[in-house]
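A structural walkthrough
Read off the chains here:
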Amino acid sequence: MSRRRVKQDELDLWNQVARTTERLTPPKRSIIVDAPLQEKPPKPQAKAIAPFTLGALPTATREMRDVLPALSERLRSAPVQMDAKSYKTMQRGKLKPEGRIDLHGMTVAQAHPALISFIMSAQSSGKRLVLVITGKGGKREELGAIAPQRMGALKRQVPIWLAMAPVSTAVLQVTESHIRHGGAGAYYVYLRRAR
């Protein structure tokens, strides 16, 4: 239970009553505070909304175009955790995935549990290389969407999910697939050996 603050008129009344009384014992410390109540700090001003015309490409969508290439670059520059020879073979598309899941067309809410289940069952069955198909992400401005839409939600989310528990313990390496296995619309996921 939180204490309520004393209002100024209550404090004035108390001080008026306290001036008409005598102390029975000398004061050890001052109980009455004559300091004025502090006012709450002003609320921060809301950011102004930029003008938007119907049919124009929203700013957020323009910024999202730069996110996907940055994600691809981060995956390419990530340190190699697996055998270097196998990694090069996989990058050239010479390793054949032992399993695959197609998340293309699913919502984020449907895709996340499906991916976790697929990765865990693939590792428990001894598979090492699996293919996760996300799709490249549609260009919403071409689809005629009025409100700004996030482009390539699964493309962005899958590497994040693969780095989180419970599947992070099963995943050794994540990289974009070779063009013969889907290119930028799919990921190779190299799994650790099941213990």
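Residues numbered from 1 in each chain as written. Predicted model: local features only at pLDDT ≥ 70, side-chain atom pairs only at ≥ 80, totals over all residues. Heavy atoms only, no water.

Along the chain, the regular secondary structure elements total five helices and four strands. Put simply, 67% of the contacts in the chain that link residues at least 6 apart link residues at least 24 apart. For the chain, the exposed surface amounts to about 14,500 Å²; the carbon and sulfur share of it is 56%. (Helix = DSSP H or I, 4+ residues; strand = E, 2+ residues; numbered from the N terminus. Contact = heavy atoms within 4.5 Å. Areas by Shrake-Rupley, 256 points an atom, 1.4 Å probe, with all protein chains shown as cover.)

Right, let's get into helix α4 (residues 108-124). With 17 residues, α4 ought to run about 24 Å at 1.5 Å a step, and its terminal C-alpha atoms sit 24 Å apart, in line with that. Among the residues making up α4, those that are buried are A111, L115, F118, I119, A122 and Q123. Angular distribution of buried residues about the axis of α4 spans 115°; they occupy a single face of the element. In α4, the exposed positions angled more than 90 degrees off the buried face are occupied by A109 and S124. Looking at the buried positions of α4, the neighbouring elements they touch are β1 (99-102), β2 (129-133), α5 (153-162), β3 (171-176) and β4 (186-191). One or two residues past the end of α4 sits G126, with phi positive at roughly 90°. (Expected span 1.5 Å × (residues − 1). Buried < 20%, exposed > 50% of the residue type's maximum accessible area, 1.4 Å probe, protein only. Arc of directions from axis to C-beta.)

With 20 residues, the main nonpolar core has L103, L115, I119, V158, L162 and V189 as its most contacted residues. At the level of secondary structure, the elements contributing two or more residues to this core comprise α4, β2, α5, β3 and β4. In terms of residues, this core owes the most to one element, α4, which gives five residues. Among residues more than four places away in sequence, those in contact with L103 are A111, A114, L115, V132, I133, L154 and V158. If you look at the next biggest cluster of nonpolar residues, it comprises ten residues, including Y87, M90, I133 and A186. (Core = buried A, V, L, I, M, F, W, Y, C linked by side-chain atoms within 4.5 Å.)

Here we come to the confidence of the model for the chain. Averaged over all residues, the pLDDT of the chain equals 76, while 72% of them reach at least 70. Put simply, helix α2 (residues 59-77) is where the chain has its lowest mean pLDDT, 55, and α4 is where it has its highest, 91. The low-confidence segment residues 61-65 (pLDDT under 50) makes ten contacts with residues lying over four places distant or belonging to another chain. (pLDDT = per-residue confidence, 0-100.)

Judged by how many residues are buried, β4 sits mostly within the fold: six of six residues are covered. Where β2 meets β4, five bridges bridge the pair, whose relative direction is antiparallel. Bridging from a neighbouring strand, I133 pairs with A186 of β4. Note: β3 against β4, five bridges, orientation antiparallel. Across the sheet, the residue bridging to E176 is Y187, located in β4. (Pairing = 2+ DSSP bridges.)

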